[in-house]
Amino acid sequence: MAIPTSSHQWPWLFLAALGAVTTARADALSAVQILREGGCGGTLPASPPLHHNAQLDRAAQAWAEGRQPAAAIEHSGYVAQSSASAHISGPDSSEIALLKRSGCRTLTDRALSDIGLYRRGRDSWLVLAAPYTVPARAQAPVLAARALQLVNDVRARGRRCGEKSFGPAPPVRLSGPLAEVALGHASDMALHDYLEHQDLSGHSPADRVRAIGYRETLVGENIAYGPQSADEVVQGWLDSPGHCENIMDPRFSEMGLAFAAGQASRHGLYWVQLLAAPRA
């Protein structure tokens, strides 16, 4: 099967930047800031202050209204690299103690940079996150090498793909020409906001490979939208039987991998993996 069709600031400085935020919200946010500045009462290293983010306010509200925190963040439009959440219930005077009990180590995570809050009565829902940063083009060789390692590791072990079992397969090697074709298709999908093996001109993966003069006996293509790392995208393909079959097919000996950031309604990463068996 070839194609499965910052410098520290004191809490009062942070509060001054909140502008029209309500007193209750400011108190809740300042409680988090105090814990970060003080390292949870001196038990952890101090952490930089968080930036108030309106999208995460909406995420906190969506969480309060029944969505799971991760789904609430996605619904808000905030693209997160990592996130954490806390729900406390009690009087304003007890917020610091309640937050400490809810998971002070998580709230003071230095990797988190933004915060949002929703308050209803005595309850506060806080969502903390760090924004996802699109990998620079210069990182492409590193990501391709990591994907190659993951692919060859699983080929060496063998794997079950849905109803089919595959024994160990020879390793594949990276191909510059295949990577160029993969980048062209990833960039086209990112520019025109689609996710298909056939491009807008009606060309198949095999057509695109042949167009650059690559002589092949078999071509396979895996595509994806959304994964943020080589590990995530390869695991997603392995979890999908058709994509997994491509990766495990012992006939393939060369691979190209590329990604491109969306430029239309979707701003995540588009991924393309080309697998091929060149003619002798």
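A brief report on the enclosed structure follows.

**Some points on the sheet that holds strand E9 (residues 254–261)**
By way of backbone hydrogen bonds, the strands of a sheet pair with one another, either parallel or antiparallel.
Then, number 1: The four strands are arranged E7-E9-E10-E8 in an open sheet whose pairing can be described as mixed. The strands lining the two open edges of the sheet, one partner per strand, are strand E7 (173–174) and strand E8 (216–225).
Then, number 2: Bridging between E7 and E9 involves two bridges; their strand directions are parallel. Pairing of Arg173 across the sheet is with Glu254, part of E9.
Then, number 3: Taken strand by strand, helix H10 (residues 230–238) contacts E8, E9 and strand E10 (269–278), and its axis lies near 65° from that of E10.

**Digging into unusual backbone geometry**
Then, number 1: Not every positive phi belongs to a glycine, and Cys40 is a case in point at roughly 55°.
Then, number 2: Along the chain, Cys40 turns up in helix H3 (residues 39–42).
Then, number 3: Its identity as a non-glycine residue notwithstanding, Asp193 has a phi of 60°, on the positive side.
Then, number 4: Mapped onto the elements, Asp193 comes out in the loop between helix H8 (176–192) and helix H9 (205–211).

**Things to note about the pattern of salt bridges**
Then, number 1: This model, assessed by the stated rule, comprises 10 salt bridges.
Then, number 2: Ionic pairing is found between Arg210 and Glu216, a salt bridge with its closest N-O pair at 3.0 Å.
Then, number 3: The class of Arg210 is partly exposed, set by a relative accessible area of 47%.
Then, number 4: Given a relative accessible area of 7%, Glu216 falls into the buried group.
Then, number 5: Between Asp249 and Arg251 there is a salt bridge, with its nearest N and O atoms 2.8 Å apart.
Then, number 6: Residue Asp249 is classed as buried on the basis of its relative accessible area, which comes to 5%.
Then, number 7: Residues joined by salt bridges that share partners form a network here, namely Asp199, Arg208 and Glu221.

**Some details on the state of the cysteines**
Then, number 1: One pass over the full model with this rule turns up two disulfides.
Then, number 2: Note on cysteine connectivity: Cys161 is disulfide-linked to Cys244, with sulfurs 2.0 Å apart. Classification of the bridge connecting Cys161 and Cys244 rests on its S-S torsion, roughly -55°, and on that basis the disulfide is left-handed. Within this pair, whereas Cys161 is found in strand E5 (residues 159–161), its partner Cys244 is found in helix H11 (residues 241–248), the two being separated by 83 residues in sequence. Side by side, Cys161 and Cys244 carry an identical accessibility label, which is buried.
Then, number 3: Each bonded cysteine of the chain is numbered by sequence order, and under that numbering the disulfide pairs are 1-2, 3-4.

**Digging into the environment of Gly226**
Then, number 1: In this structure, Gly226 sits in the loop between E8 and H10.
Then, number 2: Separated by 109 residues in the primary sequence, Gly226 and Leu117 have C-alpha atoms spaced 26 Å apart.

**Considerations on H8**
Then, number 1: Over its 17 residues, H8 extends 24 Å from the first C-alpha to the last, a length consistent with the 24 Å expected when each residue adds 1.5 Å.
Then, number 2: Restricting attention to buried positions, one finds in H8 the residues Leu178, Val181, Ala182, His185, Ala186, Met189 and Ala190. One face of H8 carries all of its buried residues, which in axial projection span an arc of 165°.
Then, number 3: Among the structural elements, H9, E8, E9 and E10 are those in contact with the buried residues of H8.
Then, number 4: Residue Ser175 occupies the N-cap position of H8, its side-chain oxygen lying 3.2 Å from the main-chain nitrogen of Leu178.
Then, number 5: Directly after H8, the chain includes Asp193, whose backbone phi takes a positive value near 60°.

The rules we used
Residues numbered from 1 in each chain as written. Predicted model: local features only at pLDDT ≥ 70, side-chain atom pairs only at ≥ 80, totals over all residues. Heavy atoms only, no water. Pairing = 2+ DSSP bridges. Helix = DSSP H or I, 4+ residues; strand = E, 2+ residues; numbered from the N terminus. Contact = heavy atoms within 4.5 Å. Axes fitted to C-alpha atoms, helices over the stretch in contact; angles between N-to-C directions. Salt bridge = Lys/Arg side-chain N within 4 Å of Asp/Glu carboxyl O. Buried < 20%, exposed > 50% of the residue type's maximum accessible area, 1.4 Å probe, protein only. Disulfide = S-S within 2.5 Å. Expected span 1.5 Å × (residues − 1). Arc of directions from axis to C-beta. Polar contact = N/O pair within 3.5 Å; in protein donor to acceptor, adjacent residues only side chain to side chain.

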